[in-house]
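# Survey of secondary and tertiary structure
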Amino acid sequence: MRNAPGSGPGGGGDGRAPGGRGKWWPLVAITLGNFMLLVDVTIVNTALPRIADGLGASFTALQWVLDAYALALAALLMVAGSAADLFGRRRLYVGGLVLFAVASLACGLAPDANLLVAARIVQGIGAAAMFATNTPLLMTAYQGRDRGVAFGVWGGTSGAAAAAGPVLGGMLTEWTDWRAIFLVNLPLTAVAVWLTRRHLDESYGERGARIDWPGAASFTLCAGALTYGLIRGGEHGWTETGTLAALAVAALALLVFVAAEQRTDRPLLDLKLLRRPSFAVLMVAALLMQAAAFPYLTFVGLWAQNVLGLSPIGAGLAVTPMALMSLLVGALGGRFLQRLAPQLPLGVGVLLIGAGGLLHAALLGSGAGWPTLVPGLAVSGLGVGAAMPVLVSAALGAAPPQRAGMASGAVNTFRQLGFAFGIAVLGTVFGTALSDAGAPTGGRAALTAGYLSGLREITLISGLVAVATGLLVLAVVRRTPDTGDGRASGAPTGARSSADATGDGGAPGHGETRPRAEEPAKA
């Protein structure tokens, strides 16, 4: 790893000794960016009714306001990690912050839904650059016990973002205007840029790193066309020409991606990893767990405001039991969970997510109010708290050490794709239920019936998908993964520390073994 002289805790460029009082400023710079990019996945949820009123946005447009950001983040995460290795992680992180800020300004000033969606895509590009670089920057900035503390704080802010997003969105929307949920990013990114340039060293990947442009382009096209086809199919029908064309483009792009990855010696994703049953199932679990656990909360927020009449703040508070239970489990049981064979907390956690969804489907009957959500959200929160902390470490344990960065980048990519696909699929089901009930033209009764019918269907789907995924994890994922030739791959994944588990975070590697940060940096 090549490190440039800088002003961070290891560089000494500001005259401070490593371990001095200012040593935590790099952590502040990185966690601030991480918090913002994760909050912006969910902060929009409670603002959607006001956005629809303010811009005259359709239900499909609201889906794209959510999906455009998540899709851009997911599709570009792996290539952003490659670019960071090549051009410098601090440089790309700062560039991502600036792009995120500019796009946030465009979101806040958007005069119509189309421009808002376009700005959300750009915002997602900036978020991908931030997400792909924040954990490698932490690895460079801290060593030893400080690294464990840094990753603990970083992980805690990631969980807090899930809890804070809907509530912050509700507060800003109700007390000011929905545009404030984007404009609030401007001063925060300014602070993060200043701190990053002042306190963080530059670092690079291996010499000779390059970007797999054919793989990046085909993967992005596949993800975008598939999401577009899913949303368009729900609006115009599955046999409509545009829908079929989008799905065909997605299939063709997938074939190109597979061919491109097989032809390069530095792929975005080494497809040989998918021959390992544990790794392949973990990628499926990352996608389906994210799709089952979170997207339906968007439609719960719409129901809470449009049917129950809750304020944006009330709608945000109504869905916090999941996030609070998740934080509680992570805070009290995080170390214990890391000692277990990964299939146990992951499989059982996903089963609990499924149980929460099935509870929703069973309890959401006529006359249901927001308290009806509490049992299902609490159970799902237990599952999220158990499963999420071990997901990355399980993926790292299922891949060879020289593919650690690639494995963590892949699992984060599949997680974000899960959210994007979940919004598209569940939005289609929910919209069909509203239409079948005659909402909104059928009056208040039809609107209420349509929302309840839609919520029961999407929570049932989410619950069944999560249960099936949890059973698959328990059946296939193993503590010592199969290498494909009958040999064990190495150390048990449960023995890894949380810092090691998130080591290369969102930055995918190129298949080379990276030096440990405790070792002297190569010139």
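In the block above lies the structure referred to throughout.
Residues numbered from 1 in each chain as written. Predicted model: local features only at pLDDT ≥ 70, side-chain atom pairs only at ≥ 80, totals over all residues. Heavy atoms only, no water.

## Description of the packing of aromatic side chains
Aromatic rings in a pair are described by how distant their centres are and how their planes are angled relative to each other. As a reminder of what qualifies: Note on aromatic contacts: the rings of Phe and Tyr and the six-membered ring of Trp form a pair at centre separations within 6.5 Å, being stacked when their planes are under 30 degrees apart, edge-to-face when over 60 apart, and tilted otherwise. Secondary structure is summarised from DSSP: a helix means a run of H or I of at least four residues, a strand means a run of E of at least two, and numbering begins at the N terminus for each. Buried means the residue's accessible area, taken with a 1.4 Å probe over protein chains only, is under 20% of the maximum for its type, while exposed means over 50%, and partly exposed covers the values in between.
Within this structure, the stated rule accounts for 8 aromatic pairs. Ring centres of Phe59 and Phe299 lie 6.1 Å apart, and the angle between their planes is 40°; on these two criteria the pair is classed as tilted. Linking Phe59 in helix H3 (residues 59–87) with Phe299 in helix H12 (residues 295–306), this pair joins segments that are 240 residues apart in sequence. The exposure class assigned to Phe59 is partly exposed, which follows from its relative accessible area of 26%.

## Description of the pattern of salt bridges
Rule in force here: The salt bridge definition used is simple: a Lys or Arg side-chain nitrogen within 4 Å of an Asp or Glu carboxyl oxygen.
With the rule as written, the count across this model stands at 4 salt bridges. The residue Arg120 makes a salt bridge to Asp40 at a minimum N-O spacing of 4.0 Å. Residue Arg120 is found in helix H5 (residues 113–141), and its partner Asp40 is found in helix H1 (residues 25–42); the two are separated by 80 residues along the sequence. A relative accessible area of 0% means that Arg120 is categorised as buried.

## So, the side chain of Thr60
We count it as follows: The contact criterion used throughout is that any non-hydrogen atoms of two residues lie within 4.5 Å.
Position of Thr60 relative to the elements: it lies in helix H3. For Thr60, a relative accessible area of 15% puts it in the buried group. Aside from chain neighbours lying at most four places away, what touches Thr60 is Ile231 and Glu235.

## Quick look at the nonpolar core
What counts here: Working definition of a nonpolar core: buried Ala, Val, Leu, Ile, Met, Phe, Trp, Tyr and Cys residues. They are joined through side-chain atoms within 4.5 Å.
If you look at the biggest cluster of nonpolar residues, it comprises 140 residues, and the most contacted ones within it are Val44, Ile51, Leu116, Trp303 and Leu346. The element best represented in this core is H3, accounting for 17 residues. The contact partners of Leu346, leaving out residues within four places of it in the chain, are Leu282, Met289, Ala387, Val390, Leu391 and Val473.

## Quick word on the packing of helix H9 (residues 213–236) against helix H10 (residues 241–263)
For any two helices packed against each other, the geometry comes down to the angle between their axes and how far apart the axes lie. Stated formally: Angles run from 0 to 180 degrees between N-to-C directions of axes, and those axes are lines fitted to C-alpha atoms, restricted for helices to the stretch in contact. Convention used here: angles under 35 degrees read as roughly parallel, angles over 145 as roughly antiparallel, angles from 65 to 115 as roughly perpendicular, and any remaining angle as oblique. By convention the crossing between two helices is left-handed if the near helix lies anticlockwise of the far one by an angle smaller than a right angle, and right-handed if it lies clockwise.
The geometry of H9 relative to H10 is characterised by a closest axis approach of 7 Å and an angle of 155° between their N-to-C directions. Considering their axes alone, H9 and H10 lie roughly antiparallel with respect to each other. Read as a crossing pair, H9 and H10 show a hand that is left-handed. Here H9 contributes Pro214, Gly215, Ser218, Phe219, Leu221, Cys222, Ala225, Leu226, Tyr228, Gly229, Arg232 and Gly233 to the contact with H10, which in turn contributes Gly242, Thr243, Ala246, Leu247, Val249, Ala250, Ala253, Leu254, Val256, Phe257, Ala260 and Glu261.

## Observations concerning the side chain of Ser462
Within the secondary structure, Ser462 is located in helix H18 (residues 444–476). Setting aside its immediate chain neighbours within four residues, Ser462 contacts Ala291, Ala292, Tyr296 and Leu426.

Honestly, that's just the spatial picture; any functional story needs more than this.
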